[in-house]
Amino acid sequence: MGHALIELGKLDCSTYLASYYDDELLRRRVNTQLNRQESRHTLARKIFHNQKGELRQKYKEGQEDQLGALSFPTNVCTLWNTAYTACVLEEMRAEGKKISAADIARLSPLGFEYLNMLGRYSFSLPELVRGGQLRPLRTSPPAE
C-alpha cells in the first residue's frame, strides 16, 4: 500500500509541474508568493540582527522558543504596516484620489526601512494612541 501512495504522490507532483510549466498565471502567482515569503524572511533577519540570523540553541525546544519569540515582533511590524497603509489609503481616497485594486494588491506590509533596530526605545504611549487612535501620518520623509 505504501508503494502505491508514493507513486500516487509522484503522479500528483508531475501533474502540478506540467501545469506550472504550461500556465503562466500559475507561475506568476507562485513567484508572487515566493517573493512575499522572502520579504518576510528579510524582515525577520533584520529583527534578528544580533545573532546574525542564526539559531544558537543546541536543542529543538530552545530553537522553537527563539523562533516563537522572533514571530512576535515580526507580526507586530506587519500589523503596524497594515494599519498605517489602510490609514494612508483612506486619506488618499478622502482627498479624491483614485486607487486601483491592482495597485493595492501589490502593496506589502513587510517593509522595514523606517525601523530603528538599534538604540533606545520609549514605550510610553501618547494620549492619542492610548485613546485608540493612530499617530498622525507624516507628510514628508523624516529629516536625517
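Residues numbered from 1 in each chain as written. Predicted model: local features only at pLDDT ≥ 70, side-chain atom pairs only at ≥ 80, totals over all residues. Heavy atoms only, no water.

Topic: the overall build of the protein chain
Put simply, the rule is: Labels follow the DSSP assignment, with helices taken as runs of H or I lasting at least four residues and strands as runs of E lasting at least two, numbered in each case from the N terminus. In what follows, residue pairs with any heavy atoms lying within 4.5 Å of each other are defined as contacts. Note on areas: Shrake-Rupley with a 1.4 Å probe; residue coverage comes only from the protein chains shown.
In terms of regular secondary structure, the protein chain is built from five helices and zero strands. Each helix and strand of the protein chain, placed in order from N terminus to C terminus, yields the pattern α-α-α-α-α. Here the analysis covers contacts within the protein chain between residues at least 6 apart in sequence; of these, 57% occur between residues at least 24 apart. With the model as given, the accessible surface of the protein chain reaches about 12,100 Å², and the carbon-plus-sulfur share is 58%.

Quick look at the nonpolar core
Basically, it comes down to this: Throughout, nonpolar core names a set of buried Ala, Val, Leu, Ile, Met, Phe, Trp, Tyr and Cys residues whose side chains join them through atoms within 4.5 Å. Three exposure classes are used, based on accessible area relative to the maximum for each residue type with a 1.4 Å probe and protein chains only: buried under 20%, partly exposed in between, and exposed over 50%.
Ranked by size, the top nonpolar core spans nine residues in total: Leu43, Ala44, Ile47, Phe48, Leu70, Cys77, Leu110, Phe112 and Met117. Broken down by secondary-structure element, the contributors of at least two residues to this core are α2 (24-47) and α3 (60-94).

Let's talk about the packing of aromatic side chains
Note the threshold: Stacked, edge-to-face and tilted are the three classes for Phe, Tyr and Trp ring pairs, Trp counted by its six-membered ring, which pair at centre distances within 6.5 Å; planes under 30 degrees apart are stacked, over 60 edge-to-face, the rest tilted.
Evaluated as defined, the whole model comprises one aromatic pair. Judged by centre distance (4.7 Å) and plane angle (35°), the rings of tryptophan 80 and tyrosine 84 are tilted. Of this pair, tryptophan 80 and tyrosine 84 are both found in helix α3, four residues apart, which corresponds to roughly one turn of the helix. Classification of tyrosine 84 by relative accessible area gives buried; the value is 13%.

Some words on the environment of tyrosine 20
When you line up the elements, tyrosine 20 lands in helix α1 (residues 2-22). Note on tyrosine 20: relative accessible area 28%, which makes it partly exposed. Ignoring sequence-local partners within four residues, the contact set of tyrosine 20 consists of Leu26, Arg27 and Val30.

Remarks on the pattern of salt bridges
Just so we agree on the cut-off: Salt bridge criterion: a side-chain nitrogen from Lys or Arg within 4 Å of a carboxyl oxygen from Asp or Glu.
Following the criterion strictly, the structure yields five salt bridges and no others. Here glutamate 24 makes a salt bridge to arginine 28, at a shortest N to O gap of 2.7 Å. Of this pair, glutamate 24 and arginine 28 both sit in helix α2, four residues apart, roughly one helical turn. Look at glutamate 24 and you get partly exposed, because its relative accessible area is 44%.

Some remarks on α2
So the rule is basically this: Multiplying one less than the number of residues by 1.5 Å gives the expected span of a helix. Whenever two N or O atoms come within 3.5 Å, that pair is a polar contact, provided that in protein one can donate a hydrogen and the other can accept it, and provided that, for residues adjacent in sequence, both atoms are side-chain atoms.
Its 24 residues place the ends of α2 35 Å apart at the C-alpha level, agreeing with the 34 Å of an ideal helix rising 1.5 Å per residue. Among all positions in α2, only Leu26, Leu43, Ala44 and Ile47 are buried. The N-cap of α2, judged by a side-chain oxygen 3.0 Å from the amide nitrogen of leucine 25 a few residues on, is aspartate 23.

Observations concerning the side chain of threonine 74
Locating threonine 74 in the fold gives a position in helix α3. The exposure class of threonine 74 is buried, given its relative accessible area of 0%. Leave out the neighbours within four places in its chain, and threonine 74 touches Arg40, Leu43, Ala44 and Ile47.

As for the confidence of the model for the protein chain
In regions of low pLDDT, the predicted coordinates are not meant to be interpreted in detail. Defined as follows: A residue's pLDDT is the confidence the predictor assigns to it, expressed on a 0 to 100 scale.
The predicted model of the protein chain has a mean per-residue pLDDT of 81, with 79% of residues at 70 or higher. No element of the protein chain has a lower mean pLDDT than α1, at 73, and none a higher one than helix α4 (residues 101-105), at 92.

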